[in-house]
Amino acid sequence: MTKLNAKRFHSINFILWVYFLVFAVFILLLTWVFQMALLRVFYHSEAERDLDSNGRQVCDEMKIYLAFDAAIGSGDEHAQLAEEINRYIEQTQSEHPEIRIFVFGGRGELLYPLLDGAEEERLEGMPDIDTFRAVLGAGQGENGQMCVRLSDDYYAYASRVDVPLSGRPLSATDTGERYVYISYSMLLANSAFGTMQWELILISVIVIFLALFISALLSSRLTKPIHRITQAAQRMAKGDFTVNFKGEYSYAEMDALAETLDYAKEEIGKSDELQREVLANVTHDLKTPLTMIKAYASMIQEISGADPAKREKHTQVIIDESDRLTALINDVLNLSKIRSGIDTLKVREFDLSEVVETVLERFGYLTETQGYTIERGVDAGLCTDADIEKIEQVIYNLVGNAVSYTGDDKKISVVLRAEGDKIRFAVTDTGKGIAPEERESIWDRYTRSTDTHKRPVKGTGLGLSIVKTILVKHGFAYGVDSEVGHGSTFWVLFPLTERAS
């Protein structure tokens, strides 16, 4: 089987067809078991109980009649009683059409019903001598009564009736024994079961056909939107981001899937655009210091080599641009390692307050040489669990970002305080702020606010992206609060722990 055929073999159409067919067959099997097997057993069991109940009642009545018959002997009274016994048998058989009542002598001779012009109707169900003897030979039950199943079509009930026969002389063939034999016919019930069987066969064919038809119809309705979404996804995979996954779907799940894919398409489109922008920015950021290094190296070689003052100035430019180039490469490598999981987190408890103070000391030269003001509101002794080196990088990047984008007053504010079971770290600048529609995108690589699109004093444009990646790895909450014209506040929530003594 080829790979394509294997895929078709496991398609939704085939799976639904199989499931519906298996379900239909299972229901039909249950129906057959209950209707044709258990129902038949139940009906036969009920027939035995019915025959036993009716047999006992008939035997009790026949004992009375046969006792009178034995007492009155022969003559007109005997003939009148015989007719009365016949009427009782006929009435009982009319009330219970499935039974036939016979009274036999000890040698198997028929005593009742008396034969007249309706012998065939009266003798229906009458046993032959072999059957009669077989029932008698089956053994006697309680009080000399026995219910025997002869076949699927007939049951028999036999009972010996002991009556005194002193009232009239016995004939030469009369042994004085009397037996009541009741034949119970299952022909009507078995005929109904046969009809039911043919009906079940017809129903089974119809149900299987409907199962196949409904499964085909349902699978077609299910797979049609899937095929449409698949074709759109294939176009998107080839770079066509104009595709539209939304449509009029009959299922809420398909509509939700279409909305998710549309969102993914937009995000992938943004990522593709961002990738091009990053490539252009990285290329520019690499090209600029390399160009400067080459230019000033040439100037030293051709112009300022003999002039110590100019040579020192030109070599300092080369050093600064080399530092910028190194910082860019380091940031790119750090971001790549963090995102790929190569640079694993080394979580331990440490004093976050000390780390913040240490980082702020590194920005002390700005207050001394360039007129920056850093307002501190750092509570002492606040500890947390995290990777200390990564968190130090987060704090440095956030403070550096505030330094780069603060207002002309060159003021920034750094706050670290406990809030419940969290530690809130916040850095506030006095810059132009960030528009609401740009607050999500500023965490992406090389994304800067359009109103403040300038190269930071120091940095590579990857600072906030590194911050986001590290904080996501830790699972810490972070964000930015900003109002256009009133500066921005970048904040992070760290878990508060108590330092073990």
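Further up the page is the structure itself.
Just so it is clear, the model here is predicted, and its values are computed rather than measured. Note that residues are indexed from 1 along each chain, following the sequence as it is written. Only residues with pLDDT of 70 or above have their local features reported here, since the model is predicted, and side-chain atom pairs are shown and tallied only from 80 upward, although totals for entire chains, interfaces and linings are computed over all residues. Just so you know, side-chain values use all the structure's heavy atoms and leave hydrogens and water out.

**Student:** Would you mind going over the overall build of the protein chain with me for this structure?
**Tutor:** Counting from the N terminus, the helices are the DSSP runs of H or I reaching at least four residues and the strands are the DSSP runs of E reaching at least two. On a plain count of helices and strands, the protein chain comes out with 12 helices and 12 strands. Here the term buried applies to any residue with accessible area under 20% of the maximum for its type, exposed to any over 50%, and partly exposed to those in between, with areas from a 1.4 Å probe on protein chains only. Within the span of the protein chain, comprising 501 residues, buried residues form 35% of the whole. Two residues qualify as a contact provided that any one of their heavy atoms is within 4.5 Å of a heavy atom in the partner residue. Relative to all contacts within the protein chain whose residues are 6 or more apart in sequence, the contacts with residues 24 or more apart total 68%. Summing over all exposed atoms, the protein chain offers an accessible surface of approximately 29,300 Å²; the carbon and sulfur share of this is 56%. In short, Shrake-Rupley with a 1.4 Å probe defines the accessible areas, and a residue's cover is counted only from the protein chains shown.

**Student:** Explain helix 9 (residues 352-362) to me, please; I cannot follow it from the model alone.
**Tutor:** Side chains that are three or four residues apart share a direction in an α-helix, a result of its 3.6 residues per turn. For helix 9, the set of buried residues is L352, S353, V355, V356, V359 and L360. The buried residues of helix 9 occupy one face: seen down the axis, they fall within an arc of 160°. For helix 9, the N-terminal cap is D351; the gap from its side-chain oxygen to the backbone nitrogen of S353 is 2.9 Å. Regarding the arc, it is the one traced by the directions from the helix axis to the C-beta atoms. Any N or O atom pair separated by 3.5 Å or less is treated as a polar contact, with the protein-specific requirement of one donor-capable and one acceptor-capable atom, and with residues adjacent in sequence counted only for side-chain atom pairs.

**Student:** Explanation requested: the packing of helix 9 against helix 11 (residues 388-405) in the structure shown.
**Tutor:** Each pair of packed helices can be summarised by the angle the axes make with each other and by the distance between the axes. In the contact formed by helix 9 and helix 11, the axes pass within 10 Å of each other and the chain directions differ by 45°. Considering the angle they form, helix 9 stands oblique to helix 11. Our pair here, helix 9 against helix 11, has a crossing hand that is right-handed. Where helix 9 approaches helix 11, its residues L352, V355, V356, V359, L360 and R362 are matched on the opposing element by I388, I391, E392, I395, Y396 and V399. Looking at side-chain class alone, the contact of helix 9 with helix 11 contains 10 nonpolar, no polar and 2 charged residues. For helices, the axis comes from a line fit to the C-alpha atoms of the stretch in contact; other axes are also lines fit to C-alpha atoms, and the angle between any two N-to-C directions lies between 0 and 180 degrees. The labels follow the angle: roughly parallel below 35 degrees, roughly antiparallel above 145, roughly perpendicular from 65 to 115, and oblique for the rest. The sense of a crossing depends on the near helix, which, turned anticlockwise from the far helix by less than a right angle, makes the crossing left-handed and, turned clockwise, makes it right-handed. For this classification, Asp, Glu, Lys and Arg are treated as charged, while Ala, Val, Leu, Ile, Met, Phe, Trp, Tyr, Cys and Pro are nonpolar and the rest, including Gly, are polar.

**Student:** How should I be thinking about the nonpolar core in this particular structure?
**Tutor:** Note on soluble globular proteins: their nonpolar side chains tend to be buried together. Membership of the largest hydrophobic core comes to 40 residues, with the highest contact counts inside it found for L352, V356, I395, L398, V399 and F425. Going through the elements one at a time, helix 9, strand 7 (373-378), helix 11, strand 9 (411-419), strand 10 (422-429), helix 12 (463-474) and strand 12 (488-495) are the ones with two or more residues in this core. Considering each element in turn, this core owes the most residues, 7 residues, to helix 11. Excluding anything up to four places from it in sequence, V399 contacts L360, F363, I412, V414, F425 and V427. Definition used in this section: a nonpolar core is a set of buried Ala, Val, Leu, Ile, Met, Phe, Trp, Tyr and Cys residues joined via side-chain atoms within 4.5 Å.

**Student:** Got a minute to help me understand the packing of aromatic side chains in this structure?
**Tutor:** Where two aromatic rings form a pair, the distance of their centres and the angle of their planes describe that pair. Whether two aromatic rings pair depends on their centres lying within 6.5 Å, for rings of Phe, Tyr and Trp, where Trp uses its six-membered ring; planes under 30 degrees apart make the pair stacked, over 60 edge-to-face, and the rest tilted. According to the stated counting rule, one finds 6 aromatic pairs in the structure shown. Pairing F363 with Y396 gives two aromatic rings, centres 4.9 Å apart and planes at 35°, and the pair type is tilted. One end of the pair, F363, is in the loop between helix 9 and helix 10 (364-369); the other, Y396, is in helix 11, with 33 residues separating them in the sequence. Exposure remark for Y396: the relative accessible area of 30% places this residue in the partly exposed category. When the ring of W443 is compared with that of F490, the centres are 5.6 Å apart and the planes differ by 80°; the resulting orientation is edge-to-face. Of this pair, W443 sits in the loop between strand 10 and helix 12 while F490 sits in strand 12, and the two are 47 residues apart along the sequence. In this structure, W443 and F490 share a single accessibility class: buried. Ring pairs connect the aromatic residues F102, F104 and Y181, which therefore count as one cluster.

**Student:** Would you take a moment to explain the side chain of R100 for this structure?
**Tutor:** Relative to the helices and strands, R100 is located in strand 1 (residues 99-105). In this structure the side chain of R100 is engaged in a polar contact, spanning 3.3 Å, whose partner is the backbone oxygen of P97.

**Student:** How should I be thinking about the pattern of salt bridges in this particular structure?
**Tutor:** Two side chains that carry opposite charge are able to pair once their charged atoms sit near each other. In what follows, salt bridge is the name for a side-chain nitrogen of Lys or Arg lying within 4 Å of a carboxyl oxygen of Asp or Glu. Summed over the entire model, instances satisfying the criterion amount to 6 salt bridges. The closest approach of N and O atoms between R49 and E46, which form a salt bridge, is 2.0 Å. On the criterion of helical spacing, the pair formed by R49 and E46 is a turn pair, its members being 3 residues apart in helix 2 (residues 12-72). Owing to a relative accessible area of 46%, R49 belongs among the partly exposed residues under this scheme. Residue classification places E46 among the partly exposed positions, given a relative accessible area of 33%. Linking R56 and D52 is a salt bridge whose minimum nitrogen-to-oxygen distance equals 3.1 Å. Linking R56 with D52, this pair stays in helix 2, spanning 4 residues, or about one helical turn. A relative accessible area of 31% means that R56 is categorised as partly exposed. Salt bridges linked by common partners bring E357, E361 and R376 together as one network.

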